[in-house]
Amino acid sequence: MTVSEIARTYHTSHTTIQTVKSSYCTKELEATLNRKKRETPPVPAKVTGEVEAHIIALACGEPPKGYSKWTLRLLAEKTVELGYIESVSHSTVSSVLKKMNVSLI
């Protein structure tokens with residue numbers, strides 16, 4: 001089959017077919033089918049276990065004066081204000097709380 005026929009049959013692009021062909025020619029079948037896992041993530045994690053612990057401790061504590069409860073944005077701002085991390089988004093704070101099964105309700 002030609003590259004075009006293969007691409008049409010498997011609903012993929014010519015580039016994908018060429019990449020697989022090249023990989024097979026240089027690395028053999030096993031390496032082509034099972035890609036090597038990364039040893040380290042492409043971007044190191046910004047939030048460490050220590051920062052997670054601080055976020056959870058804040059969420060479990062009393063909210064600041066003038067607030068009846070913690071919000072994700074408030075937790076993110078307070079985490080930066082206290083110097084636990086240089087910057088953090090409310091969505092990252094949400095992920096940390098969800099991972100640790102902590103609810104703000």
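Nothing here was measured: the structure is a model prediction, and the numbers come from that model.

Caption draft 1: A look at the nonpolar core. Of all hydrophobic cores here, the largest spans 15 residues; its most connected members are Val47, Ile55, Leu75, Val88, Val93 and Leu97. Contributions of two or more residues to this core are made by helix H3 (49-60), helix H4 (72-81) and helix H5 (90-99). With five residues, the top contributor of residues to this core is H3. When sequence neighbours within four positions are dropped, the list of residues in contact with Leu97 reads Ile55, Ile56, Ala59, Leu72, Leu75, Val102 and Leu104.

Caption draft 2: Broad picture of the side chain of Glu52. Locating Glu52 in the fold gives a position in helix H3. Take Glu52: its relative accessible area is 11%, and that puts it in the buried class.

Thresholds applied
- Residue positions are given per chain, counted from 1 along the sequence in the order it is written.
- Only residues with pLDDT of at least 70 are given local features in this predicted model, and only at 80 or more are side-chain atom pairs given and counted; all residues enter the totals for whole chains, interfaces and linings.
- Working from all heavy atoms in the structure, the side-chain values ignore hydrogens and water.
- Among the buried residues, those of types Ala, Val, Leu, Ile, Met, Phe, Trp, Tyr and Cys that are joined through side-chain atoms within 4.5 Å form a nonpolar core.
- Working definition: with a 1.4 Å probe on protein chains only, accessible area under 20% of the residue-type maximum means buried, over 50% means exposed, and in between means partly exposed.
- Segments assigned H or I by DSSP are reported as helices when at least four residues long, segments assigned E as strands when at least two residues long, and all are numbered from the N terminus.
- In this description, contact between two residues means that some pair of their heavy atoms is separated by no more than 4.5 Å.

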